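Okay, here's what each chain looks like letter by letter:
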Amino acid sequence: MRADQDRSGIKGAVHTDLHHDSAIKHVTGRAEYCDDIAEPAGTLHAYLGLSTRAHARIRDLDLEAVRSAPGVVGVLTAKDIPGVNDVSPTGLNDEPVLADGKVEFWGQPIFAVIAETRDAARRAAKRASVSYEDLPHVLEPDAAREADMPYVTPPLTLKRGEAVSAMENAAHRIKGRMRVGGQDHLYLEGHIAFAIPGEDEDVIVHSSTQHPSEAQHMVAHVLGVPSNAVTVNVRRMGGGFGGKETQMNLFCAVAAVAAKKWNRAVKIRPDRDDDMSATGKRHDFVIDYEVGFDDTGRIQAVTGEFAARCGFSADLSGPVTDRALFHADNAYYYPDVLLNSHPMKTNTVSNTAFRGFGGPQGVIAAERIMEEIAYHRGVDSLEIRKRNFYGEDGRDVTPYHQTVEDNIAPRIVSELEQSADYQARRQAVLDWNAKGGIVRKGIALTPVKFGISFTATWYNQAGALLHIYSDGSIHLNHGGTEMGQGLNTKVAQVVADELQVDIDKIKITKTTTEKVPNTSATAASSGSDLNGMAARDAAIQIKDRLTAFAAERWQTEAAKVRFVANAVQIGDETVPFADFIREAYMARVQLSAAGFYKTPKIHWDRATGKGRPFYYFAYGAACSEVSVDTLTGEYRVERTDILHDVGRSLNPVIDKGQVEGAFIQGMGWLTTEELWWDDKGQLRTHAPSTYKIPLASDRPRVFNVALADWSENREQTIKRSKAVGEPPFMLGISVFEALSHAVASVADYSVCPRLDAPATPERVLMAIERLKG
Ligand code: MTE
Ligand code: HPA
Ligand code: MOS
């Protein structure tokens, strides 16, 4: 890493450690978030009135007390929407901004109240009187299947070979069912939108969205104006994690409608309880699987039914449940396989993107299957995993008929097995448990393989806009959004590297629909893959023009023009970058360029379930050891070792941070984070008081995280790096399987414990009690 820095001689070259460009501002509180933007005089505040029924007709909506409350300027209901009352990202028209005549989940926005202060709006919203006529409601995905609730979006089938007959012929068969819980994003900064009206139809919306272009198009749709009247700006988010891919559309729309109606700036920011009740989360699943395998534990056939709680509308449930199926193989070859998704409509908030985007729910099914086989055969589950890895000889095709060309899972796993001292520590765990004490230990080593690219192929495009001003300073803009993941830093490194200038010459600017149009959500971990390439394209265009200019002006060949550290070398002469730019400007060279990129090689035919949806795969593995108190079910993570593949890292220290954060978030999903709805459909875990995310004290006592420094993307990605945002989330599964291992010890590992996720202490205790009984 150091060598590159020395060779290039610039600050912030690619492949070097560089802290997040806003790190100091983050920790000193000087980073500007949406709520910190100075409010123009006369700014109003909106607050939402939410449904208190899971499914009901609205018989009467009496808002008189709301209207007459102190400080209230007015209210908005469905009939005040000037354009279309819909923010469905699918175009299915199934997601009203404000409920119209009926509500389909507890927490659904029914009206908005606009007042002089946020406090006044919030108090006024509580004064509504709504009379409901209750309708039957269904909350759980399996109950939804039994009740013949509709799919919110067409299901997917992945099929290769003849799973049903292969299953019949298999030497051994196991059937199982697992429930996998959802997850709230718990971003530090909640949802927020701030709309400033302009002349004619214009409106500017500042927001904290991962998808400014979609917010722009939604605001236009709801206002009934063309997209060119709407600008959406995002400087940064205080975390998104997928929760702000679509869910911000509603807030942007409400703020914009109110801003245009009263011709004053309007801000909307729900408090945490309402944010958690009214916006979507990770999908929870009920997974029914069957596996057939031979005496050695090698899989012959797999079938799986993946039912998801999608909530009342489609939102992103189609691609999320698709991605669950795409990852139900994880790193393993299934000779004959049949997988079906069941994206169930339920009377709950519409679930949405969350780090991994359905992938984790697929991967955990694969890992449970490995554990089932291991207990059945009486073999270490790591050995079973190895026997089932994708391989060379015809064992390299996924259930969606993409060939795995870059399989490094075996190498990652065997290196981690060594560096974590897995075999000796596993023996020590077995020896400890053999003593029969109250505290039992468990250990598990689990791999991950994650497909990179949006499965909606057209999403895999990006743009950038680069200006060099005549003083040599550089303005960089691209379509990606910064949510803490360090995207802006990485993209700036790419430009610094291409132009060979110090990174502090490059100004990173807010994402805005005015500079780069029709962008995709910053999601699917592809932010730096896509926007890094687009920015590089812009830099190369300017560089080409500058090279041609230099060759002509200095009367030499283009081959003799080189961009070196903060200077341009032309033949024997070296001109400082700023002086060179000044000359280029005087010679009327265009110093601005729009860059573009689209991912090559990918295609996907959903109808046949065949294609190459992913450009490449990212890999990783984690080994976790836990201690469990068998009298209370309480546990702690003693040690976790991780080896993760990010190709040739653009920025190793940022990538390591992503790996650590993702692991902890994945661990939280599978251990302490439990969403609980009561019978009436009200989410009761709607604040950090009742919804427990991991604390600093919950991190593994020993935590060794390494990047596979030998890895290089075999595809021509930006500087041969790999996406990092989501794949390490699934490393948290090692903690879940280690807990399962500790639980199994109470029955001498004779059966695979039935353990649903999250494995809260309560569930761990129940699993122990079941095995003891
Ligand atoms: N890291 C931080 N700090 N905050 C976030 O909100 N979101 C994750 C991941 N890492 C997130 C994060 C998710 S869900 C995705 S898809 C990626 O970042 C998106 O950014 P990237 O594509 O630039 O990696
Ligand atoms: N991942 C994340 N977000 C998305 C995707 C995806 O595959 N498709 C649409 N939005
Ligand atoms: Mo990430 S779930 O793709 O925003």
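Comments concerning the overall build of the protein
So, step 1. When you go through the protein residue by residue, the secondary structure sums to 20 helices and 29 strands.
So, step 2. Along the first, second and third principal axes, the C-alpha set of the protein runs to 85 × 75 × 50 Å.
So, step 3. For the protein, the proportion of its 773 residues judged to be buried stands at 62%.
So, step 4. Partitioning the intrachain contacts of the protein with sequence separation of at least 6 by distance along the chain shows that 81% fall at a separation of at least 24.
So, step 5. When the accessible area of the protein is evaluated, it comes to approximately 28100 Å², of which 49% is carbon and sulfur surface.
So, step 6. Computed over 87 positive and 102 negative side-chain charges, the separation of the two mean positions in the protein equals 2 Å.

Some thoughts on unusual backbone geometry
So, step 1. In this structure, the amide linkage connecting Ala757 to the following residue, Pro758, adopts the cis form with an omega of 0 degrees.
So, step 2. By the secondary structure assignment, Pro758 is in the loop between helix 19 (733-744) and helix 20 (761-772).
So, step 3. Of note, the phi angle at Arg588 is positive, near 60 degrees, even though the residue is not glycine.
So, step 4. Structurally, Arg588 is set in the loop between helix 17 (577-586) and strand 24 (592-598).
So, step 5. Here Arg588 falls in the exposed class, since its relative accessible area comes to 77%.
So, step 6. For Tyr749, which is not glycine, the phi dihedral falls at a positive 60 degrees.
So, step 7. Mapped onto the elements of the fold, Tyr749 is located in the loop between helix 19 and helix 20.
So, step 8. Assessed through its relative accessible area of 22%, Tyr749 is described here as partly exposed.

Quick word on helix 8 (residues 248-262)
In an α-helix, one turn spans 3.6 residues; hence positions three or four apart end up facing the same way.
So, step 1. For helix 8, with 15 residues, the first-to-last C-alpha span of 21 Å sits near the 21 Å given by 1.5 Å per residue.
So, step 2. The buried fraction of helix 8 amounts to twelve of the 15 residues, a majority that puts the element mostly inside the structure.
So, step 3. Listed in full, the buried residues belonging to helix 8 are Met248, Asn249, Leu250, Phe251, Cys252, Ala253, Val254, Ala255, Ala256, Val257, Ala258 and Ala259.
So, step 4. Following helix 8 by one or two positions, Asn263 has its phi on the positive side, about 50 degrees.

Topic: the sheet that holds strand 23 (residues 573-576)
Two modes of strand pairing occur in sheets, parallel and antiparallel, and in both the strands are linked by backbone hydrogen bonds.
So, step 1. Here we have three strands laid out as an open sheet, ordered 21-22-23, and antiparallel in their pairing. Only two strands of the sheet have a single partner each, and these edge strands are strand 21 (561-564) and strand 23. Shown here is a sheet whose adjacent strand axes are inclined to one another by a mean of 25 degrees, direction ignored.
So, step 2. With four bridges joining them, strand 21 and strand 22 (residues 567-570) adopt antiparallel strand pairing. Note on strand 22: the bridge partner recorded for Val564 is Ala567.
So, step 3. Contacts between helix 17 and the sheet are confined to strand 21, strand 22 and strand 23, with strand 23 contributing the most and set at about 85 degrees to the helix.

Overview of empty space enclosed by the protein
So, step 1. Throughout the structure, instances matching the rule amount to seven cavities of 30 Å³ or more.
So, step 2. Taken as a whole, the largest cavity holds about 160 Å³ of empty space.
So, step 3. The element contributing the most residues to the lining of the largest cavity is helix 8, with three residues.
So, step 4. Considering only residue class, the lining of the largest cavity consists of nine nonpolar, six polar and one charged.

Let's talk about the confidence of the model for the protein
So, step 1. Residues at a pLDDT of 70 or more form 99% of the protein, whose mean pLDDT is 97.
So, step 2. Residue range residues 1-6 is modelled with pLDDT below 50. Its contacts to residues more than four positions away, or to other chains, number ten contacts.

Focus on the layout of surface pockets
So, step 1. Here the second largest pocket defines a volume of roughly 610 Å³.
So, step 2. Lining the second largest pocket are 26 residues, with Leu316, Gly318, Pro319, Ala456 and Trp458 positioned closest to its centre.
So, step 3. With five residues, the top contributor of residues to the lining of the second largest pocket is helix 10 (residues 317-326).
So, step 4. The class makeup of the residues in the lining of the second largest pocket is 14 nonpolar, six polar and six charged.

Re the sheet that holds strand 4 (residues 102-103)
So, step 1. Pairing is antiparallel across the open sheet formed by three strands, whose spatial order is 4-2-6. Only two strands of the sheet have a single neighbouring strand rather than two, namely strand 4 and strand 6 (129-134).

Some points on the state of the cysteines
So, step 1. Inspection of every chain in the model, using the stated rule, returns zero disulfides.
So, step 2. With no disulfide of its own, Cys752 has Cys623 as its nearest cysteine by sulfur position, at a separation of 18 Å.

Quick look at the side chain of Glu372
So, step 1. For Glu372, the location among the structural elements is in helix 11 (residues 359-377).
So, step 2. Residue Glu372 is classed as buried on the basis of its relative accessible area, which comes to 5%.
So, step 3. Excluding residues within four positions of it along the chain, Glu372 makes contact with Ile174, Gly176, Tyr289, Cys752 and Arg754.

Quick notes on a nonpolar patch on the surface
So, step 1. A contiguous nonpolar surface patch, about 350 Å² in accessible area, is contributed by Trp432, Ile438, Val439 and Leu631.
So, step 2. Locating Leu631 in the fold gives a position in the loop between strand 27 (616-629) and strand 28 (635-644).
So, step 3. The exposed category is assigned to Leu631, whose relative accessible area is 55%.

Focus: the pattern of salt bridges
So, step 1. Applying the stated criterion across every chain yields a total of 52 salt bridges.
So, step 2. Between Arg368 and Glu737 there is a salt bridge, and its shortest N-O distance comes to 2.7 Å. Taken together, the positions of Arg368 in helix 11 and Glu737 in helix 19 put the pair 369 residues apart, joining distant regions of the chain.
So, step 3. For Arg368, a relative accessible area of 1% corresponds to the buried category.
So, step 4. Asp380 is the salt-bridge partner of Arg426, the closest N and O atoms lying 3.5 Å from each other. Of the two residues, Arg426 sits in helix 14 (residues 422-434) while Asp380 sits in the loop between helix 11 and helix 12 (381-388), which places them 46 residues apart along the sequence.
So, step 5. Residue class for Arg426 comes out buried when judged on its relative accessible area of 17%.
So, step 6. Connected via shared salt-bridge partners are Glu405, Lys601, Arg612, Arg714 and Glu715.

About the criteria used
The residue numbers shown here count from 1 along each chain, following its written sequence. Throughout, the order in which chains and ligands are written sets their labels, letters from A for the former and numbers from 1 for the latter. With pLDDT at 70 or above as the cut-off, local features in this predicted model cover only qualifying residues; side-chain atom pairs require 80 or more to be listed or tallied, and sums for whole chains, interfaces and linings still use all residues. Side-chain metrics rest on all non-hydrogen atoms present in the structure, leaving aside hydrogens and water. Secondary structure elements follow DSSP: runs of H or I of four or more residues count as helices, runs of E of two or more count as strands, with numbering from the N terminus. For every residue, the accessible area obtained with a 1.4 Å probe (protein chains only) is divided by the maximum for its type, and the residue is called buried under 20%, exposed over 50%, and partly exposed between those limits. Contact between two residues is taken to exist if any of their heavy atoms lie within 4.5 Å; hydrogens are not considered. For the area figures, the Shrake-Rupley method with a 1.4 Å probe applies, and any residue is considered shielded solely by the protein chains shown. For the charge count, each Lys or Arg is scored as positive and each Asp or Glu as negative, with His and the chain ends excluded. The location of each charge is read from NZ of Lys, CZ of Arg, CG of Asp or CD of Glu. The span you would expect from a helix comes to 1.5 Å times its residue count less one. By the convention used here, strands pair only if DSSP detects at least 2 bridges between them. The axes used here are C-alpha line fits, helices contributing only the stretch in contact, and every angle between their N-to-C directions lies in the interval 0 to 180 degrees. Buriedness of a pocket was judged along seven lines, with at least five required to meet protein on both sides within 12 Å; pockets are open sets of points on a 1 Å grid over the protein atoms alone, cavities are sets where a 1.4 Å probe fits but cannot get out, and lining residues have an atom within 4 Å of a point. Grid points are joined across faces, edges and corners, and a volume is the space filled by probe spheres set on the points. Under the scheme applied, nonpolar residues are Ala, Val, Leu, Ile, Met, Phe, Trp, Tyr, Cys and Pro; charged residues are Asp, Glu, Lys and Arg; polar residues are all the others, including Gly. For every residue, the predictor states its confidence as a pLDDT score lying anywhere from 0 to 100. Pairs of cysteine sulfur atoms within 2.5 Å are what we label disulfides. The patch calculation keeps residues exceeding 30% relative accessible area without a salt bridge and links them within 9 Å when they carry like charges or within 5 Å when they are nonpolar (Val, Leu, Ile, Met, Phe, Trp, Tyr). In the sections that follow, a salt bridge refers to a side-chain nitrogen of Lys or Arg positioned within 4 Å of a carboxyl oxygen of Asp or Glu.

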